[in-house]
Amino acid sequence: MRIKEVIVVEGKDDTTAIKRSVEADTIETNGSAISKETLIKIQHAQDKRGVIVFTDPDYPGRRIRAIIEEHVPGVKHAFLSKEKTIAKNGKGLGIEHAKDEDIRQALAGVYTPKSDGDAAPNIPLDVLIEGKFIGHPNSKERRTILGELLKIGYTNGKQLQKRLSIFQISKQQLEEAIMQLDMEDK
């Protein structure tokens, strides 16, 4: 699998995992304190080839995504769940621990966030409550699975509505995912 866009990762081990799984170029942020020079590199890559942000499913990874999204509009995002990024010894979490097939699947399901001119589908809060994503004893587990199904990553209850809007998930897509979740619950 050859990736046209440049993939932004956190470090050298992530680059090694990406290159083991697909044919691609990477830019490493070297942690969540992204330098101005790195942001300039990412902007240049976005202008020339496009960029896919593929960071760890933890707080520093989400912080990196937010910084890049703020400074380099229009980047694409790939996500992996925490479960797919846990080290074999159980100590550590990151893209570098993911299986090659999981990395390829995440890159195949890349999302481009909406631009300001796009009309964002608005999923009402009551739909999220009825779907048991907010205010239910199993909400966290359901949001985790939903993030995997829709390839939008894990969110807490407050972030879910915003993430669905950012990635233009329609009410119909959400309803199909809810039906799938409900079938798995049975």
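Structural notes, computed from the coordinates. (Residues numbered from 1 in each chain as written. Predicted model: local features only at pLDDT ≥ 70, side-chain atom pairs only at ≥ 80, totals over all residues. Heavy atoms only, no water.)

Notes on the sheet that holds strand 2 (residues 26-28)
Now for step 1: The strand order across the open sheet formed by 4 strands is 2-1-3-4, and the pairing between neighbours is parallel. Two strands bound the open sheet, and with one partner strand each, they are strand 2 and strand 4 (76-77).
Now for step 2: Across 3 bridges, strand 1 (residues 6-9) lies against strand 2 in parallel orientation. The residue of strand 2 that forms the bridge with valine 8 is isoleucine 27.
Now for step 3: Strands strand 1 and strand 2 of the sheet are contacted by helix 1 (residues 12-21), whose axis makes an angle of about 165° with strand 2.
Now for step 4: Against the sheet, helix 2 (residues 36-48) engages strand 1, strand 2 and strand 3 (51-53), with an angle of about 165° to strand 2. (Pairing = 2+ DSSP bridges. Helix = DSSP H or I, 4+ residues; strand = E, 2+ residues; numbered from the N terminus. Contact = heavy atoms within 4.5 Å. Axes fitted to C-alpha atoms, helices over the stretch in contact; angles between N-to-C directions.)

Notes on the packing of aromatic side chains
Now for step 1: Per the counting criterion, the structure on display carries 0 aromatic pairs.
Now for step 2: One Lys or Arg, arginine 142, reaches over the ring of phenylalanine 133 and ends 5.4 Å from the middle of that ring. (Phe/Tyr/Trp six-rings, centres within 6.5 Å; stacked < 30°, edge-to-face > 60°. Lys NZ or Arg CZ within 6 Å of the ring centre and 35° of its normal.)

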